[in-house]
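Geometric and topological summary
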Amino acid sequence: MNYPDRLLTDGEELLRGFRPHWKLLVPALGWAMLLAALTGVSIAALSASWRWWSVALAVVVWLALSARSLAAWWSTTYVLTTERIVVRRGLVSRTGTEIPLESITNVLFSQRAIERLLGYGDVLVESAGSQGQSRLEDIPDPEAFQSEVYRARELRSLHFRGGAGGGAARDVVAQLEALASLRERGHLTEEEFAAHKRRLLTALPGVEPEAVDERIEEGEIDPTA
């Protein structure tokens, strides 16, 4: 799902955007199957001149019965960026929630047995300040989303620490240790770890990144210690 670039701030990147789980469409699918069966019976019983009218009536009835679930699914969007979680709901009347990553204190997910079988659940985001708790419902693969939020939050905190420290060597070492921890917990791939490490090393004043890379490879600097 695309998210408009005009809604992103300078330097903000989209990590993931999606709609709720397809289970919201189950009522619409159920009505479609029932009306299709009834229409089939009608077509067999009616004359040729009335068959298209029965099909048109079935479509109108389906739209009337399914409009609510279709609108709820289509008009709800969840977005995770490098700076925040964004929730948008509604077609005509719109509501929105934004949770800055730096204010998030905890992320919990819950799945009942049937929800785990179908691959969806709820995510509870706890944050500091006035927002408190925000429940995100019908999230596809909530455990993976929880991991993505933690990872984005940690990288966001590294960004703030790096900015506050001005790229000082001691701050870079601390950030490398945090990146290594994220990699060990499975929140970063080797390629992502290498890219972030390279960015941090490039920020060191008067230090060649290649030279620091060599010292890390030779064991003189251990960012995972």
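Worth saying up front: this structure is predicted, and the values here are computed from it rather than measured. (Residues numbered from 1 in each chain as written. Predicted model: local features only at pLDDT ≥ 70, side-chain atom pairs only at ≥ 80, totals over all residues. Heavy atoms only, no water.)

1. Side note on the sheet that holds strand E5 (residues 104-110)
This is how the line gets drawn: Strands were regarded as paired on the criterion that DSSP finds at least two bridges between them. Strands here are runs of E lasting at least two residues and helices are runs of H or I lasting at least four, both read from the DSSP assignment and numbered beginning at the N terminus. Each axis is a line fitted through C-alpha atoms, and for a helix only the stretch in contact is used; angles between axes span 0 to 180 degrees, taken between their N-to-C directions.
Across the sheet, three strands lie side by side as E5-E6-E7; this open sheet has antiparallel pairing. The open sheet is flanked by E5 and strand E7 (133-140), the only strands paired with a single partner. Neighbour to neighbour, the strand axes of the sheet diverge by 20° on average, direction disregarded.

2. Considerations on unusual backbone geometry
This is how it is decided: The classification of residues rests on relative accessible area computed with a 1.4 Å probe and restricted to protein chains. Under 20% of the type maximum is buried, over 50% is exposed, and intermediate values are partly exposed.
Positive phi, normally seen in glycine, also occurs at Asp138, with a value near 55°. Within the secondary structure, Asp138 is located in strand E7. Note on Asp138: relative accessible area 11%, which makes it buried. A positive phi angle, close to 50°, is found at Asp141, a residue other than glycine.

3. A word on the pattern of salt bridges
The condition is simple: Between Lys or Arg on one side and Asp or Glu on the other, a salt bridge is scored when a side-chain nitrogen of the former is within 4 Å of a carboxyl oxygen of the latter.
Tallied over the full model, the rule gives nine salt bridges. A salt bridge links Arg156 to Glu102, with the nearest nitrogen and oxygen atoms 3.3 Å apart. Of this pair, Arg156 sits in helix H4 (residues 142-165) while Glu102 sits in the loop between strand E4 (95-100) and E5, and the two are 54 residues apart along the sequence. Taking relative accessible area as the criterion, Arg156 reaches 14% and is therefore assigned buried. Look at Glu102 and you get partly exposed, because its relative accessible area is 44%. Taking the shortest distance from any N to any O, the salt bridge between Arg135 and Asp122 comes out at 3.9 Å. Of the two residues, Arg135 sits in strand E7 while Asp122 sits in strand E6 (residues 120-127), which places them 13 residues apart along the sequence. Assessed through its relative accessible area of 43%, Arg135 is described here as partly exposed.

4. A look at the layout of surface pockets
What counts, and what does not: Computed over the protein atoms alone on a 1 Å grid, cavities are sets of points where a 1.4 Å probe fits but cannot get out and pockets are open sets with protein on both sides within 12 Å along at least five of seven lines; a residue lines them when it has an atom within 4 Å of a point. Grid points are joined across faces, edges and corners, and a volume is the space filled by probe spheres set on the points. In the scheme used here, Gly and all other residues not listed as nonpolar or charged are polar, with Ala, Val, Leu, Ile, Met, Phe, Trp, Tyr, Cys and Pro taken as nonpolar and Asp, Glu, Lys and Arg as charged.
The volume enclosed by the largest pocket comes to roughly 480 Å³. Considering the residues around the largest pocket, the lining is formed by 16 residues, among which Glu13, Thr82, Leu155, Arg156 and His196 are closest to the centre. For the lining of the largest pocket, the secondary structure elements donating two or more residues are strand E1 (14-18), H4 and helix H6 (190-202). Element by element, the count of residues in the lining of the largest pocket is highest for H4, at seven residues. Broken down by class, the residue content of the lining of the largest pocket amounts to five nonpolar, four polar and seven charged. In this structure, the second largest pocket encloses a volume near 170 Å³. Taken together, eleven residues make up the lining of the second largest pocket; nearest its centre are Asn2, Tyr3, Pro4, Thr77 and Arg94. When the residues that make up the lining of the second largest pocket are grouped by side-chain class, the tally is five nonpolar, three polar and three charged.

5. Re the sheet that holds E1
Pairing is antiparallel in the open sheet, where four strands are placed in the order E1-E2-E3-E4. This sheet does not close on itself; its edge strands, each paired only once, are E1 and E4. On average, adjacent strands in this sheet sit at an angle of 10° to one another, irrespective of strand direction. Two elements, E1 and strand E2 (residues 77-81), share four bridges in a ladder whose sense is antiparallel. Pairing of Gly17 across the sheet is with Val79, part of E2.

6. Concerning the nonpolar core
Under the convention used in this document: To form a nonpolar core, buried Ala, Val, Leu, Ile, Met, Phe, Trp, Tyr and Cys residues must be joined to one another through side-chain atoms within 4.5 Å. Every residue pair with non-hydrogen atoms within 4.5 Å of one another is taken to be in contact.
Within the largest apolar cluster, 16 residues are counted, with the highest numbers of intra-cluster contacts made by Ile85, Ile104, Leu136 and Phe145. Elements that contribute at least two residues to this core include exactly E2, strand E3 (84-89), E5, E6, E7 and H4. Here this core gets three residues from one element, more than from any other, and that element is H4. Apart from residues lying up to four places away in sequence, Ile104 is in contact with Ile85, Ile99, Val125, Glu126, Ser127, Val149 and Arg153. Of all hydrophobic cores here, the second largest spans eight residues; its members include Leu179, Ala180, Leu182 and Leu188.

Interpretation in functional terms is not warranted from these geometric data alone.
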